[in-house]
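# Residue-level structure breakdown
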Amino acid sequence: MPDRHRNFIHGEWRDARSGLTFPDINPSDTDDLIGFFPQSGPEDVDDAVTAAANALPAWRRTPAPKRAELMFRVGEIMTRRKEELSRLMTREMGKVLSEARGDVQEAIDTAYHIAGEGRRLHGITTPSELPDKWAMTIRQPIGVAGLITPWNFPIAIPTWKSFPALVAGCTVVLKPAEDTPLCATELVRVFHEAGFPAGTVNLVHGGGPDVGAPLVRHKDVGVVSFTGSSEVGRQIAESCGRALKRCSLEMGGKNAQIVLEDADLDLAIQGSLWGAFATTGQRCTATSRIIVQRSIHDRYVERLAAEAARVRIGYGLEDGIQMGPLINEGQRTTVAKYVDIGKAEGARLVCGGAAYREGRCARGFFFQPTVFDRVTPSMRIAREEIFGPVASVIAVDDLDQAIQVLNGTSYGLSSSIYTRDVAGAFRAMSEIECGIVYVNGPTIGAETHLPFGGWKDTGNGHREGGVSAFQAFTEEKTIYVDYSGRLQRAQIDNQPALESRP
């Protein structure tokens, strides 16, 4: 009998008040029912936010280095449980085991990095313009943080948000994606084992309208951090804007890899394959467009298609499998719809383009690695996020046109250029309108100690990863200490009157 799981509120595992549940199904094998999870509602959200608000005063008074010590324990527990968590993730989300291990390792790396920052939550000290006066800044927690996370990195992304929020002194309410509730549940078990006080970490399962929206609107939630589609992100931004509430958004991407005629083609092909088809293309940083200089275009497309056709598809726990399923039938339908759109727009389907149902894969949501050629920048498959294993090749004459095409979408998350020309690489680094630029590397593969986020429709200016992650969860406070013993007026007493100047 599949397990029945619960929400985690004020240090206790609780059913949804409604008593309703929803199923969690293995996307590689729909006969595999993983478990049942609470179909929560606004009343459960209110319970969780109340618990977080009640825990906040004591938690924010706990010194940051002490909060960080608990985060070090989280890293140690996750290191011990890495293989178990990775296999669970492959079963629940579908990504192949090597990628699942990378997802968990990213969480481990984030734990140790953020824990270290617990002794480095720096403000600044700066000279005052007046004598016998001290000036400095500090960072303080905003309050209760509402975290809404997606299914494609079901452990790493919740840690990008929860780890800095907690070390900063916030308490959190996590609403994970309905497709990967077990990964979130196990992450919260790690927090509990590490010793986080009751109410500092809370978990509420359920859908966007019933859980996500009430969490965003709740009056006691001071900051919302969301990763997901630009459409939903706009709705969250509108709601937070009306309440003047802090909001951090990490949304879609239509990432491009430029390949110039002087590039190492073997390396560029490897980058295209990894960027386009890792995680079955279900990454906000996935390589959805490949912009190739015309002089090498035909050779590049032929080699890319041949390699894509050799990608081994299947259940990610099996040896040698390189690409798993899409997350659900709805996503497979969306990818198939975009294949039809591409063909109708006049793009040439070079390989793939259909569901993959051979052998055991007939029981899952698999799709072939797909490459389109003769794509123009105005086509929908070159402008809209597909979130599946579909790469569109666009031919250009030179670097100037390549940069123009790359910048010609409403997104600006990640980008890549393959070239041996140092001057060209630096021009691209300067002129590409993205939050991330790779040189001679694929568009995916962010490191935890560096900022992550994008421009334009990809986000609203906040960053995850690195020390930048603390900015979303803290308020900056400026402090002046005047020990002169007299009234001193800035901008007045520090300048002589005009009439006294020679």
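Residues numbered from 1 in each chain as written. Predicted model: local features only at pLDDT ≥ 70, side-chain atom pairs only at ≥ 80, totals over all residues. Heavy atoms only, no water.

Here Q488 is to be found in the segment after strand 22 (474-482). On the basis of relative accessibility, which here comes to 13%, the residue Q488 falls in the buried class. One polar contact links Q488 to S484, side chain to side chain, over a distance of 3.2 Å. (Helix = DSSP H or I, 4+ residues; strand = E, 2+ residues; numbered from the N terminus. Buried < 20%, exposed > 50% of the residue type's maximum accessible area, 1.4 Å probe, protein only. Polar contact = N/O pair within 3.5 Å; in protein donor to acceptor, adjacent residues only side chain to side chain.)

Turning our eyes to something else, we now look at the sheet that holds strand 14 (residues 287-293). Read from one edge to the other, the open sheet built from seven strands follows the order 15-16-17-14-13-19-20, with strand pairing classed as mixed. Each having just a single partner strand, strand 15 (348-351) and strand 20 (436-439) make up the two edges of the open sheet. Averaged over all adjacent pairs, the angle separating strand axes in this sheet is 25°, with direction ignored. Here strand 14 runs beside strand 17 (residues 390-396); their pairing, made up of five bridges, is parallel. Among the inter-strand pairings, Q293 is bridged to a residue of strand 17, identified as V396. Sheet contacts for helix 11 (residues 329-345): strand 15, strand 16 (370-373) and strand 17; angle to strand 16, the most-contacted strand, approximately 20°. (Pairing = 2+ DSSP bridges. Axes fitted to C-alpha atoms, helices over the stretch in contact; angles between N-to-C directions. Contact = heavy atoms within 4.5 Å.)

Estimated volume of the largest pocket: approximately 1100 Å³. Of all elements in the fold, only helix 7 (208-217), strand 11 (221-227), helix 8 (230-242) and helix 11 reach the threshold of two or more residues within the lining of the largest pocket. Examining the composition of the lining of the largest pocket, we find that eight residues originate from one element, helix 8, more than from any other. Taken together, the residues that form the lining of the largest pocket break down as 18 nonpolar, 16 polar and eleven charged. The computed volume of the second largest pocket comes to approximately 380 Å³. (1 Å grid on protein atoms, 1.4 Å probe; cavity = no way out; pocket = protein on both sides within 12 Å on 5 of 7 lines; lining within 4 Å. Points joined across faces, edges and corners; volume = space filled by probe spheres on them. Nonpolar A, V, L, I, M, F, W, Y, C, P; charged D, E, K, R; others polar.)

What follows deals with a negative patch on the surface. Side chains of E43, D46, E178 and D210 sit close together on the surface and give a patch of like negative charge. In this fold, E178 is placed in the loop between strand 9 (171-175) and helix 6 (181-194). (Patch = residues over 30% accessible without salt bridge, like charges linked within 9 Å, V, L, I, M, F, W, Y side chains within 5 Å. Areas by Shrake-Rupley, 256 points an atom, 1.4 Å probe, with all protein chains shown as cover. Salt bridge = Lys/Arg side-chain N within 4 Å of Asp/Glu carboxyl O. Lys, Arg positive; Asp, Glu negative; His and termini not counted. Charge placed at Lys NZ, Arg CZ, Asp CG, Glu CD.)

Next up on the list: the nonpolar core. Core analysis: the biggest nonpolar cluster contains 52 residues, and M71, V74, M78, F191, F196 and F473 have the highest contact counts within it. When residues in this core are grouped by element, the largest group, eight residues, is from helix 6. Counting residues in each nonpolar core, the second largest holds 29 residues, with L260, Y338, V339 and A382 among its members. (Core = buried A, V, L, I, M, F, W, Y, C linked by side-chain atoms within 4.5 Å.)

Strand order in the open sheet formed by three strands is 6-7-22, and the pairing between neighbours is antiparallel. Looking at strand neighbours, the two that pair on one side only are strand 6 (125-127) and strand 22, the edges of this open sheet. Across the sheet, the mean angle separating the axes of adjacent strands is 25° when strand polarity is ignored. Summarising the sheet, strand 6 and strand 7 (residues 133-141) pair through three bridges and their orientation is antiparallel. Residue pairing in the sheet places T126 in a bridge with A135 of strand 7.

Looking now at a nonpolar patch on the surface. Taken together, V422, F426, M429 and V439 make up a surface patch of nonpolar side chains, about 370 Å² in accessible area. Note that V422 resides in helix 13 (residues 422-431).

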